[in-house]
Amino acid sequence: MSQLKEQLLQLREQFNTDLQVAASSQDLEALRVRFMGKKGHLTAILRGMGALSPAERPAAGQLANEIRQSLETALEEASVVIADREQVARLEAETVDVTRPGLPLCVGGRHPLTRVIDEICAVFSGLGYAIAEGPEVEYDRNNFELLRIPEGHPARDTQDTFYITPSILLRTQTSPVQIRVMQQQQPPIKIVCPGKVYRSDALDATHSPVFHQVEGLVVDENVTMGDLVGSLQLFAKKLFGEQTRIRLRPHHFPFTEPSCEVDISCWTCGGEGCRTCKGEGWIEVLGAGMVHPDVLENCGIDARRYSGFAFGIGVERTAMGRYGIDDIRSFFENDIRFLSQFR
Ligand code: PHE
């Protein structure tokens, strides 16, 4: 009996020593397991009680109970203190300094070409035009044939492109979208077609094998060259400012007759002549003309009843003028220092 008592008292002492150094709730749990767990010290000692005589057992049992009780109470008290301390530490560690500056946030912006396309389309939407789009991989027929550019026509040399098969190619202009619309819809037609086009040109400061156009098409009864001039005049004022004037020069396109190139008065000098317009006072921005009757007929539109005009705007050229960009390659290099100027 005295041996068991001795063991129990020693156990309590050992426990108290260990408890002093327990610093965390994990330490406490380990301590509990070590002393009171199934394989713990206390359990082992209690097992030895079987060897005691029946007379010794009650006293020994009582002592064992007292000691177990005192261990449990000590554990509980310590766990409250430690949990408290741990919470304080956690709160301190998680403190947020709301006065610190935030992390920089990168805000993107529309690409300058997208901006110009959106702006052009917005002007024409305001004039009642619908927006039509079509595939960049196109039939030779829609891109050339139906636009009066048959095989062997010299215009095919200036619009050489990338062929997928002999009859399928990357479109060289957005005009095939107009073909598609005219094939599907009778007049009145009033559309603009924005999009990417391709030509087999070497890349330099003013040429790119990929560029963008916005083409317009109006077909109805009694559409005249006067309507074309009026519409373009309105467009030029809306996009480049109220003081802008336009000038038409005779030109040739296979799909329009008559055809013209259209200049606008220089947005920098207003027509005096300066560096922007290379002393001309005028800047070429688009090609236009009255849709050739054959093109209408090619698409199932009665050319005796209907007439129309079409125009094509080069987006890169417009954007370069607009923003004073002197190299077309800047648009496609994705240099963030360039792009971030157009937020
Ligand atoms: N599609 C022509 C081009 O790419 C531009 C244009 C369109 C000219 C419509 C006249 C009328 O050169």
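Since this is a predicted model, take the numbers as computed values, not measurements. (Residues numbered from 1 in each chain as written. Predicted model: local features only at pLDDT ≥ 70, side-chain atom pairs only at ≥ 80, totals over all residues. Heavy atoms only, no water.)

## Thoughts on unusual backbone geometry
Glycine aside, residues mostly have negative phi, and peptide bonds are mostly found in the trans state. Cis geometry is found at the peptide bond from Pro187 to Pro188, where omega equals 5°. Looking at the secondary structure, you find Pro188 in the loop between helix 8 (175-184) and strand 5 (189-198). The peptide bond linking Glu257 to Pro258 adopts the cis configuration, its omega dihedral lying at -5°. Mapped onto the fold, Pro258 is located in strand 8 (residues 256-265). Of note, the phi angle at Lys278 is positive, near 55°, even though the residue is not glycine. Relative to the helices and strands, Lys278 resides in the loop between strand 8 and strand 9 (282-291). For Lys278, a relative accessible area of 74% gives the class exposed. (Helix = DSSP H or I, 4+ residues; strand = E, 2+ residues; numbered from the N terminus. Buried < 20%, exposed > 50% of the residue type's maximum accessible area, 1.4 Å probe, protein only.)

## Some details on helix 9 (residues 225-240)
Over its 16 residues, helix 9 runs 22 Å from end to end, which matches the ideal 22 Å to within 8%, given 1.5 Å per residue. Residues of helix 9 that are buried include every one of Leu228, Ser231, Leu232, Phe235, Ala236, Leu239 and Phe240, and no others. For helix 9, the angular spread of the buried residues around the axis is 135°, confining them to a single face. Turning to helix 9, the residues buried within the fold contact helix 5 (112-126), strand 7 (246-253), strand 8, strand 9, strand 10 (307-314) and helix 11 (315-323). For helix 9, the N-terminal capping position is held by Thr224, with its side-chain oxygen 3.1 Å away from the main-chain nitrogen of Gly226. Of the residues flanking the end of helix 9, it is Gly241, one or two places downstream, whose phi is positive at about 115°. (Expected span 1.5 Å × (residues − 1). Arc of directions from axis to C-beta. Contact = heavy atoms within 4.5 Å. Polar contact = N/O pair within 3.5 Å; in protein donor to acceptor, adjacent residues only side chain to side chain.)

## Some remarks on the pairing of strand 5
Every regular strand shows the same layout, with side chains that alternate between the two sheet faces. With eight of 10 residues buried, strand 5 lies mostly within the body of the structure. In this sheet, strand 5 lies alongside strand 1 (residues 130-131) in parallel orientation, the contact comprising two bridges. Opposite Ile131, over in strand 5, you have Val192 as the bridge partner. For strand 5 and strand 6 (residues 210-220), the ladder comprises 10 bridges, and the chain directions are antiparallel. Pairing of Tyr198 across the sheet is with Val210, part of strand 6. (Pairing = 2+ DSSP bridges.)

## What about the site of the ligand?
In the vicinity of the ligand, the residues found are Gln173, Ser175, Arg199, Gln213, Glu215, Phe253, Phe255, Gly287, Ala288, Ala310, Phe311 and Gly312. In this structure, Ser175 approaches the ligand through a side-chain N or O atom, which is 3.2 Å from a nitrogen atom. Glu215 has a polar side-chain atom sitting 2.8 Å from a nitrogen atom of the ligand. The protein chains hide 91% of the 320 Å² of surface that the ligand would expose on its own. For the shell around the ligand, the secondary-structure elements that each account for two or more residues are strand 6, strand 9 and strand 10. Of the residues forming the shell around the ligand, the biggest block, three residues, is contributed by strand 10. Class assignment of the residues belonging to the shell around the ligand gives a composition of five nonpolar, five polar and two charged. (Near = heavy atom within 4 Å. Areas by Shrake-Rupley, 256 points an atom, 1.4 Å probe, with all protein chains shown as cover. Nonpolar A, V, L, I, M, F, W, Y, C, P; charged D, E, K, R; others polar.)

## Considerations on the sheet that holds strand 7
Strand order across the open sheet formed by seven strands is 1-5-6-10-9-8-7, with mixed pairing between neighbours. One side of each edge strand has no neighbouring strand; the edge strands of this open sheet are strand 1 and strand 7. Taken together, the eight bridges between strand 8 and strand 9 define a ladder with antiparallel strand orientation. Residue Val262 lies in a different strand from strand 9, and its bridge partner there is Leu286.

## With respect to the domain arrangement of the protein
Along its sequence, the protein is organised into domain 1 (2-93) and domain 2 (112-342). Using only C-alpha atoms to locate each centre, domain 1 and domain 2 end up separated by 90 Å. (Domains from an automatic or database assignment.)

## Remarks on the sheet that holds strand 2 (residues 137-139)
In space, the three strands of this open sheet follow the order 2-4-3, with antiparallel pairing throughout. Each edge of the open sheet carries a strand with a single partner, namely strand 2 and strand 3 (163-165). Looking at each pair of strands side by side, their axes are set apart by 30° on average, direction ignored. As judged from the three bridges shared by strand 2 and strand 4 (residues 168-170), these two strands associate in the antiparallel manner. Note that in strand 4 the partner of Val137 across the bridge is Leu170. (Axes fitted to C-alpha atoms, helices over the stretch in contact; angles between N-to-C directions.)

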